[in-house]
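For reference, the chains in residue letters:
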Amino acid sequence: DDPLNNPLTGYAPPADNTEECRDSQLVYIGLTWAEWEPSQGEYDTEALEELFHIEQWKSENKHAVLRFLCDVPGEEGHMDIPQWLYERTRDGEFYNISYGAGYCPDYGNEYLRERHSMAIEALAQYCNQDDFVAYVELGSLGHWGEWHTNTDEGVLPLPDAQACWDYVLDYSDNFYNARLLMRRNYVMASDGGLGLYNDMTGSPEDTREWLDWIENGGSFETAGSAIEYTPMQDFWKTAPVGGEFTSEYTMEELLTDRFTDTLDMIRESHMTFIGPKCPEESLKDSSAARAI
């Protein structure tokens with residue numbers, strides 16, 4: 001009567017919440033650049049391990065989903081890149097929009113690009129010591145590392161396609177023990193055999209749009225040349241599918257009144273894991289959550 005205990009699949013709650021991760025096989029680590037490199041060239045592995053309880057999860061044979069973040073909108077103004085990097089660049093933009101408040105760096109800045117490459121190389125060296133990190137969602141660019149910015153409300157656009165390629169190479173050239181995933185089926189994902197993730201799981205409109213990109217392709221406008229979407233209809237047969245539940249509806253709605261639609265979207269997306277937004281501990285014993 002219990003769900004099958006398939007390895008490297010299922011819910012991936014936030015790794016800093018020990019209660020939520022109690023029964024999961026996966027945990028989610030959302031690491032900001034400010035947390036990883038508080039001082040130039042000094043990568044804070046001790047803080048990483050302490051904040052996300054990494055030794056505990058390793059001892060319990062769990063694995064991690066990792067995303068590196070440069071811009072996480074919040075309730076108050078703040079930066080998710082290090083202060084020293086801001087002092088050196090100062091060409092991004094503080095914003096307070098419908099998504100929240102934060103700071104969007106200029107991802108095309110050459111110095112920021114150089115330091116990002118070094119930061120990812122150091123993070124990969126740390127992760128490559130073992131196989132704890134099973135999945136890396138290519139973040140870095142855009143709000144929540146989702147490779148888009150709210151240009152409709154005046155936020156800086158992503159850099160052109162070539163610069164975006166360079167960000168992808170920072171990951172693919174350095175991570176050896178983890179499967180990589182991208183937010184959209186950009187040509188880089190297709191060429192590299194990467195997986196994909198949908199952070200709007202449970203939202204019919206957004207999920208259908210995501211599936212349409214995968215089926216039919218398209219393009220994404222940047223500050224320069226556009227990035228093409230490449231059809232990837234059968235990618236899930238050889239690569240993982242990740243993402244998290246939408247905030248458009250409450251978790252209780254997604255698992256009750258909207259459960260049939262939610263389950264259909266998950267099946268159609270062929271999802272491997274869901275997190276960090278996933279059922280809280282109090283809802284995980286529901287028949288709907290167990291079915292997912």
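Residues numbered from 1 in each chain as written. Predicted model: local features only at pLDDT ≥ 70, side-chain atom pairs only at ≥ 80, totals over all residues. Heavy atoms only, no water.

Colleague: Looking at this model, I keep getting lost on the pairing of strand 4 (residues 93–97). Mind explaining?
Modeller: Within a regular beta strand, the side chains point alternately toward one face of the sheet and then the other, so they alternate between its two faces. Where strand 4 meets strand 5 (residues 100–104), 5 bridges bridge the pair, whose relative direction is antiparallel. Counted as the bridge partner of Ile97 is Gly100 from strand 5. What sits between the antiparallel neighbours strand 4 and strand 5 is a turn of 2 residues. (Pairing = 2+ DSSP bridges. Helix = DSSP H or I, 4+ residues; strand = E, 2+ residues; numbered from the N terminus.)

Colleague: For this particular structure, what's the right way to read the side chain of Arg67?
Modeller: One can find Arg67 in strand 3 (residues 63–69). For Arg67, a relative accessible area of 2% puts it in the buried group. Side chain to side chain, Arg67 and Glu137 meet in a polar contact 2.7 Å long. Here Arg67 is in contact with Tyr28, Ile29, Gly30, Leu31, Glu137, Gly139, Trp144, Gly145, Glu146, Tyr197 and Asp199, once residues within four sequence places are set aside. (Buried < 20%, exposed > 50% of the residue type's maximum accessible area, 1.4 Å probe, protein only. Polar contact = N/O pair within 3.5 Å; in protein donor to acceptor, adjacent residues only side chain to side chain. Contact = heavy atoms within 4.5 Å.)

Colleague: Would you take a moment to explain the nonpolar core for this structure?
Modeller: For soluble globular proteins, nonpolar side chains are generally found buried alongside one another. Counting 81 residues, the largest nonpolar core has Ile29, Phe68, Trp147, Phe175 and Met182 as its most contacted members. The greatest single-element share of this core, amounting to 9 residues, is contributed by helix 5 (residues 110–127). The residues touching Phe175, leaving out its near neighbours within four places in the chain, are Leu66, Ile120, Leu123, Ala124, Cys127, Asn128, Val136 and Leu180. (Core = buried A, V, L, I, M, F, W, Y, C linked by side-chain atoms within 4.5 Å.)

Colleague: In this structure, what is going on with the pairing of strand 7 (residues 179–182)? I would like to understand it.
Modeller: Pairing of strand 6 (residues 133–137) with strand 7 involves 3 bridges; the strand directions are parallel. What sits directly across from Val136, in strand 7, is Leu180. Strand direction decides the pairing type here: strand 7 and strand 8 (residues 195–201), joined by 2 bridges, are parallel. What sits directly across from Leu181, in strand 8, is Gly195.

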